[in-house]
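# Descriptive structure summary
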Amino acid sequence: MNAYVFPGQGAQFVGMGLDLYEKYPIAKELFLKANDILGFEITEVMFNGTAEGLKETKVTQPAIFLHSVILSKVMGDTFKPDMVAGHSLGEFSALAANNTLSFEDGLKLVSQRALAMQKACELRPSTMAAVLGLEDAVVEKVCSEIDGIVVAANYNCPGQLVISGEVPAVEQACEKLKEAGARRALMLPVGGAFHSPLMEPAREELAAAIDDTTFSTPSCPIYQNVPTTGVHSADEIKKNLMLQLTAPVKWTQSVQHMVNDGATIFTEIGPGKVLQGLVRKIEPSVTTQSPQLTD
């Protein structure tokens, strides 16, 4: 069975999508439509901007969504997923690709998500850190014993977990995790504590926007970050999406469920190959690939 997976924030690069824009009329049409919807020339930042400009949350999230969804549209009839999943932001790309969300509604939600997250980041100094070489249970236990807010945020693959929270709490957790035997506990250059309780203001704002958006029955199940199993119901998808900003990204568990349900080929749709690497670490027996485009 074919699983299609969609990357999240961090996969962006300057020039992303330009090849699609220049070669495929459908891509050009959707990129230009995106400029109108967003109210600024995101194509200019994506194709000709700077890495710094592309790193702004209000740009990064729509840019990755656009690259991923437009790539799936360019694939045409060769895009035949039996199941989809997305890493954090990538969940919105997956929902637009499997027809749960329209392109326009998906892009509007992603833009609102980015702005809501930016606002939440400005309310309290917060950050994230990558922890390598420890079992999940050890990381969870250490975080639970720290004063202040710090939680497990991204279960990327066995031995790679990202924690998220208030700056002093994350710093303290990193020291304790090194003492507990972590190979590395490294602060990440991010603007805030994504997938932690500190995102509650953003979650409330985004939940209202999700509530006002039409979700259709998906063309194939999506394995959402919450609850990690395949979901077929539009109402269920909405409910899970509302929880996503303050809940952890359980990528390891999602991939394991996809494999258990028959996935043998994982195709990453979007910039980069990060998810292919994570999938191979989670389940070495499966095939991972980027899409093959035809003229």
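Residues numbered from 1 in each chain as written. Predicted model: local features only at pLDDT ≥ 70, side-chain atom pairs only at ≥ 80, totals over all residues. Heavy atoms only, no water.

If you look at the biggest cluster of nonpolar residues, it comprises 62 residues, and the most contacted ones within it are Met46, Phe65, Leu66, Ile70 and Phe215. When contributions to this core are tallied by element, the ones reaching two or more residues are strand 1 (2-6), helix 2 (25-38), helix 3 (42-48), helix 5 (57-74), helix 6 (90-97), helix 7 (103-123), helix 10 (200-211) and helix 11 (234-243). Here this core gets nine residues from one element, more than from any other, and that element is helix 5. Filtering out sequence-adjacent residues up to four positions away, Phe215 remains in contact with Leu95, Thr100, Leu101, Leu109, Ile210, Ala234, Ile237, Lys238 and Leu241. (Core = buried A, V, L, I, M, F, W, Y, C linked by side-chain atoms within 4.5 Å. Buried < 20%, exposed > 50% of the residue type's maximum accessible area, 1.4 Å probe, protein only. Helix = DSSP H or I, 4+ residues; strand = E, 2+ residues; numbered from the N terminus. Contact = heavy atoms within 4.5 Å.)

It is worth spelling out the packing of aromatic side chains at this point. Here the structure, examined in full by the defined rule, presents five aromatic pairs. With 5.3 Å between their ring centres and 80 degrees between their planes, Phe31 and Phe47 make a pair best called edge-to-face. Residue Phe31 is found in helix 2, and its partner Phe47 is found in helix 3; the two are separated by 16 residues along the sequence. Accessibility classification places Phe31 together with Phe47 in one group, the buried group. (Phe/Tyr/Trp six-rings, centres within 6.5 Å; stacked < 30°, edge-to-face > 60°.)

What follows covers the packing of helix 5 against helix 7. In contact at an axis separation of 8 Å, helix 5 and helix 7 are set at 155 degrees when each is read in the N-to-C sense. On the basis of the axis angle, helix 5 is roughly antiparallel to helix 7. Regarding helix 5 and helix 7, the two cross each other, and that crossing is right-handed. Residues Thr57, Lys58, Gln61, Pro62, Phe65, Leu66, Val69 and Ile70 of helix 5 pack against Phe103, Gly106, Leu107, Val110, Ser111, Arg113, Ala114, Leu115, Met117 and Gln118 of helix 7. Tallied by class, residues from the contact of helix 5 with helix 7 come to eleven nonpolar, five polar and two charged. (Axes fitted to C-alpha atoms, helices over the stretch in contact; angles between N-to-C directions. Parallel < 35°, antiparallel > 145°, perpendicular 65-115°, else oblique. Left-handed = near helix turned anticlockwise from the far one by under 90°. Nonpolar A, V, L, I, M, F, W, Y, C, P; charged D, E, K, R; others polar.)

By volume, the largest pocket is sized at about 990 Å³. Lining the largest pocket are 37 residues, and of these Gly8, Gln9, Gly10, Val190 and Phe194 lie nearest its centre. Of all the secondary structure elements, the ones that give two or more residues to the lining of the largest pocket are helix 4 (51-55), helix 5, helix 7, strand 3 (126-132), strand 4 (150-157), strand 5 (160-166) and helix 13 (274-282). Its residues placed into classes, the lining of the largest pocket shows 17 nonpolar, 15 polar and five charged. Estimates place the volume of the second largest pocket at around 190 Å³. In this structure, the second largest pocket is lined by 15 residues; those nearest its centre are Asp19, His67, Leu71, Gly270 and Leu293. Those elements that provide at least two residues to the lining of the second largest pocket are helix 1 (18-23) and helix 5. (1 Å grid on protein atoms, 1.4 Å probe; cavity = no way out; pocket = protein on both sides within 12 Å on 5 of 7 lines; lining within 4 Å. Points joined across faces, edges and corners; volume = space filled by probe spheres on them.)

A grouping of Arg183, Arg184, Lys273, Arg280 and Lys281 is seen on the molecular surface, where their side chains present a positively charged patch. Within the secondary structure layout, Arg280 lies in helix 13. Arg280 sits in the partly exposed class, given a relative accessible area of 42%. (Patch = residues over 30% accessible without salt bridge, like charges linked within 9 Å, V, L, I, M, F, W, Y side chains within 5 Å. Areas by Shrake-Rupley, 256 points an atom, 1.4 Å probe, with all protein chains shown as cover. Salt bridge = Lys/Arg side-chain N within 4 Å of Asp/Glu carboxyl O. Lys, Arg positive; Asp, Glu negative; His and termini not counted. Charge placed at Lys NZ, Arg CZ, Asp CG, Glu CD.)

In the numbering used here, UniProt assigns the "domain: Malonyl-CoA:ACP transacylase (MAT)" (unreviewed entry) feature to residues 5-293. For residues 5-293, the end-to-end C-alpha separation is 16 Å, with 49% helix and 15% strand making up the annotated structure. (UniProt positions renumbered as here; feature names shortened; annotations may be inferred.)

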